[in-house]
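Residue-level structural notes
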Amino acid sequence: MKLIIDDAHIDQIKKIYEFYPVDGVTTNPSILAKSGKQPYEVLKEIRAFIGENAQLHVQVVAKTAEGMIEDAHRIAAELGRNTYVKIPSVPEGFKAMMALHEEGLQITATAIYTPMQAFLAGKAGASYAAPYINRIDNMGYNGIQVAQKIHNIFKNNGLKTEVLAASFKNSQQLLELCEYGIGASTVSPDVIDALVKNQAITAAIDGFTADFEKLAGEGKTMSNC
């Protein structure tokens, strides 16, 4: 499972990249708005930092297929054709997906709440389909099960589309999808940090350090004992 950062604050992205093996960055219009910068200013900053080979997912804003295609062309021109263009999974979006797929652009189908939305996106040429796990839960359904069902639909129908799970509230949700073999998940920096924030882990490391310092002296490590 690819692990992708869901954020547009460059300081947070740099911090996560420093400590964790991640595969890129996803954004959406709301995330960009929270950055406080103009869209292409922050997106170019992110692209320059993560490099041209890492995944960067950027969403169109137009509501018609024609407008979405124009947005996609600008996104690709500014950020590279290897950038994944996020398209909402609605009728106008499917129309745009088919056209952009024919042009060879990489597409992430977003705003997915149902398996059939994802199926149609896959048929339309999307590389990824992004179900909103926590939002699906809040509608009274099981977001994890919906993502798993989408994964199975893609595999059973010979579609190359992968699940890009989004909208997490805790690390347990991420664990369940990782165990299932989902293609990718996009996660906020605080949830990524929570993957290894555990008092038992901290206590174990502190215990090792204390025992070693009793043997070798305070402040000593394997490099200077």
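Parameters and conventions
Residues numbered from 1 in each chain as written. Predicted model: local features only at pLDDT ≥ 70, side-chain atom pairs only at ≥ 80, totals over all residues. Heavy atoms only, no water. Helix = DSSP H or I, 4+ residues; strand = E, 2+ residues; numbered from the N terminus. Pairing = 2+ DSSP bridges. Right-handed = clockwise from strand over helix to strand, strands pointing away.

**Here we look at unusual backbone geometry**
Phi is positive for alanine 111, which is not a glycine, with a value near 60°. Locating alanine 111 in the fold gives a position in strand β5 (residues 107-112). Non-glycine residue serine 167 carries a positive phi angle of around 65°. The topology assignment puts serine 167 in the loop between β7 (162-165) and α9 (171-180).

**A short note on the environment of proline 21**
Examined against the element boundaries, proline 21 turns out to sit in the loop between α1 (10-19) and β2 (24-26). Through-space distance from the C-alpha of proline 21 to that of alanine 204 is 23 Å; in sequence the pair is 183 residues apart.

**A few points about the pairing of β7**
One ladder, built from two bridges, connects strand β6 (residues 128-131) with β7; its direction is parallel. By the bridge assignment for β7, alanine 129 is matched with valine 163. By the bridge criterion, two bridges tie β7 to strand β8 (residues 184-187) in an arrangement that is parallel. Bridge pairing in β8 places leucine 164 opposite alanine 184. Handedness of the crossover joining β7 and β8 through α9 is recorded here as right-handed.

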